[in-house]
Amino acid sequence: MFLQLFIINKSGSLIFHQDLSPAAPRLSSNDSLRLGSTFHSLHAIAAQVAPIASSGIEKLETATYRLRCLQTLTGAKFVITAQPNTPELEVVLQGIYELYTDYVLKNPFYELEMPIRCELFTQHLEKLVERYNAASR
Amino acid sequence: MAAPGQRLHILDRKIAVPGSSYAYPTTRDTRVGIVSASSNAYAAAGGRTTEVSLSAFSFLLSEMVQHVQARVTSIDALERRLEEAGYAVGLRVLELQQFRDKSVGKRKTRLLQALQWVSADMWRALFGKTADSLERSTENADEYMIHELQPITNVFVSVPPDLGQLNCAAYIAGIIAGALDGACFPATVTAHTIELAGQEANITAAGGPRCKTVFLVKFSEEVMRREAQLA
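Here's a quick rundown of the structure. The shown structure was predicted, so the numbers you read here are calculated from the model rather than taken from an experiment.

This part takes up the sheet that holds strand E5 (residues 187–195) of chain B. Residues and elements named next belong to chain B. Reading across the sheet, the 4 strands line up as E3-E4-E6-E5 and stay open at both edges, with antiparallel pairing between neighbours. In the strand order of this sheet, the two ends are held by strand E3 (133–136) and E5, each with one partner. The average angle at which neighbouring strand axes cross in this sheet is 25°, direction not considered. In the sheet, E3 pairs with strand E4 (residues 143–148) via 4 bridges, with the strands oriented antiparallel. Paired with glutamate 135 across the bridge in E4 is methionine 145.

Following this line, the structure appears as structure tokens:
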């Protein structure tokens with residue numbers, strides 16, 4: 001089951017955060033903002049300290065959760081967390097990226113790099129996640 | 001890191017992201033544009049396509065709305081400016097379709113014929129489908145309503161709460177007004193957002209849109225006078 005979704009813009013601030021299931025840990029909005037920028041910094045550090053050319057953190061596998069990160073060409077990061085053994089994290093991230101390009105970028109009332117408040121995006125995101133959650137059950 | 005080709009799907013939906021099962025939100029074809037009965041002949045003759053990508057259209061419209069929004073102070077003014085932009089398109093669509101559909105022959109002289117042409121033929125040429133319904137107002141004889149569940153101007157648009165009743169389909173309202181005016185049926189056309197209720201809500205409950213757009217067509221007095229004489 002998926003837990004949470006974070007979208008981080010290219011300067012490292014959190015522009016979207018959503019709990020994807022009731023099992024997601026409760027975070028205050030300040031906590032999620034902090035978490036978003038911390039991940040952004042760790043991602044940058046990881047890319048620099050790697051002994052080979054690296055694009056940063058792609059996934060984390062732990063005993064209690066999985067994390068997958070998709071960095072787009074424009075520098076935005078889509079980060080999803082899920083319970084261990086949840087399959088298809090990267091496929092879902094691609095789906096979410098597609099929803100973002102449709103319902104956020106083509107929306108005349110969205111300002112780039114600003115927090116995402118697009119009703120249609122949230123609606124379709126919920127539907128997408130529901131479909132994957134139902135399939136993995 | 002994303003593969004180099006992946007960014008292209010923002011511009012053209014035909015390039016699918018491998019492994020993605022995301023379905024396009026409507027069953028409608030993802031391309032919009034001038035598709036008339038003779039478009040095949042056109043394509044064969046000149047080798048040019050008469051359809052445009054929905055993404056390209058959406059980006060262009062989005063830029064237009066932002067451009068206008070920066071220059072107006074009220075929601076009303078924003079809608080008027082979008083209508084003005086559509087008006088010129090309407091005039092041209094009328095001309096072009098009349099020219100292409102030679103089978104149609106004579107131009108429309110009666111009010112209902114003109115409205116039906118707009119909600120069926122013009123709609124098909126522009127959006128690849130007919131309007132969802134055409135109704136006459138029960139209160140005023142000079143008012144008609146064209147219903148559209150999901151106008152292509154609204155496919156990707158979420159209107160923020162502070163802009164209230166704004167409907168980007170004002171652009172399409174302008175197209176309708178332009179086409180009708182060009183055919184000598186001057187009318188004011190406005191786009192309104194209506195929440196779906198009852199039966200319609202059930203039909204589209206399975207993930208469809210929650211609102212529909214109603215284009216209110218109010219004909220000017222001279223049209224109604226002429227229509228009375230012709231009857």
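A few words on the environment of phenylalanine 121 of chain A. Residue and element names in this part refer to chain A. Looking at the secondary structure, you find phenylalanine 121 in helix H3 (residues 119–136). With relative accessibility at 0%, the residue phenylalanine 121 sits in the buried group. If we skip the residues at most four places from it in the chain, phenylalanine 121 touches Ile7, Phe16, Ile96, Leu99, Tyr100, Tyr103, Val104 and Ile116.

Now for the pattern of salt bridges. Residue and element names in this part refer to chain B. Here the structure, examined in full by the defined rule, presents 14 salt bridges over all chains. Of the charged contacts, one joins glutamate 227 and arginine 110 as a salt bridge, the two residues approaching to 3.0 Å between their closest N and O atoms. Remark: arginine 110 occurs in the loop between helix H3 (75–100) and helix H4 (111–127) and glutamate 227 occurs in helix H7 (residues 221–230); sequence separation between them is 117 residues. On the accessibility criterion, glutamate 227 (14% relative accessible area) is buried. A salt bridge links arginine 225 to glutamate 221; the nearest nitrogen and oxygen atoms lie 3.7 Å apart. A residue pair is termed a helical-turn pair when its members lie 3 or 4 positions apart in one helix, as arginine 225 and glutamate 221 do in helix H7 at 4 residues. Residues joined by salt bridges that share partners form a network here, namely Glu79, Arg80 and Glu83.

Evaluated as defined, the whole model comprises 8 aromatic pairs over all chains. Where phenylalanine 78 of chain A meets tyrosine 100 of chain A, the ring centres are 5.2 Å apart and the plane angle is 80°; that geometry is what we call edge-to-face. Here phenylalanine 78 of chain A, found in strand E5 (residues 77–82), pairs with tyrosine 100 of chain A, found in helix H2 (residues 89–104); they are 22 residues apart in sequence, far enough to count as distant. Between tryptophan 123 of chain B and phenylalanine 215 of chain B, the ring centres sit 5.8 Å apart and the planes meet at 70°, which makes this aromatic pair edge-to-face. Separated by 92 residues along the polypeptide, tryptophan 123 of chain B in helix H4 and phenylalanine 215 of chain B in strand E6 (residues 211–219) bring together distant segments of the chain. When sorted by exposure, tryptophan 123 of chain B lands in the same class as phenylalanine 215 of chain B, which is buried. Each member of the aromatic cluster is reached from another via a ring pair, and the members are Phe78, Tyr97 and Tyr100 of chain A. One residue, lysine 106 of chain A, lies across the ring of phenylalanine 156 of chain B, its end atom 4.5 Å from the ring centre. Positioned above the aromatic ring of phenylalanine 185 of chain B, the side-chain terminus of arginine 226 of chain B is 4.9 Å from the ring centre.

A few words on unusual backbone geometry. Residue and element names in this part refer to chain A. Its identity is not glycine, yet glutamate 88 carries a phi of approximately 65°, on the positive side. Note that glutamate 88 resides in the loop between E5 and H2. Accessibility expressed as a relative area gives 40% for glutamate 88, which makes it partly exposed. Of note in this structure, glutamate 113 is not a glycine but carries a positive phi near 70°. Structurally, glutamate 113 can be placed in the loop between H2 and H3. Residue class for glutamate 113 comes out partly exposed when judged on its relative accessible area of 31%.

Definitions and limits used
The numbering scheme is per chain: residues are counted from 1 as the chain's sequence reads. Numbering of ligands from 1 and lettering of chains from A proceed in the order in which they are written. Owing to the predicted nature of the model, reporting of local features is limited to residues with pLDDT of at least 70; listing and counting of side-chain atom pairs is limited to 80 or more, with chain, interface and lining totals taken over all residues. Values reported for side chains reflect all heavy atoms of the structure, with hydrogen atoms and water molecules removed beforehand. In this scheme, strands are said to pair when DSSP sees at least two bridges between them. Elements are defined by DSSP. Helices are runs of H or I of four residues or more, strands are runs of E of two residues or more, and each kind is numbered from the N terminus. Every axis corresponds to a line fitted to the C-alpha atoms, with the helix fit spanning only the stretch in contact, and the corresponding angles, defined between N-to-C directions, vary from 0 to 180 degrees. Buried means the residue's accessible area, taken with a 1.4 Å probe over protein chains only, is under 20% of the maximum for its type, while exposed means over 50%, and partly exposed covers the values in between. Contacts are assigned to residue pairs with any non-hydrogen atoms lying within 4.5 Å of each other. For this analysis, a salt bridge means a side-chain nitrogen from Lys or Arg found within 4 Å of a carboxyl oxygen belonging to Asp or Glu. For Phe, Tyr and Trp, where Trp contributes only its six-membered ring, two rings pair if their centres lie within 6.5 Å, and the inter-plane angle classes them as stacked under 30 degrees, edge-to-face over 60, or tilted in between. By definition here, charges over rings are those cases where NZ of Lys or CZ of Arg is within 6 Å of the ring centre and within 35 degrees of the ring normal.

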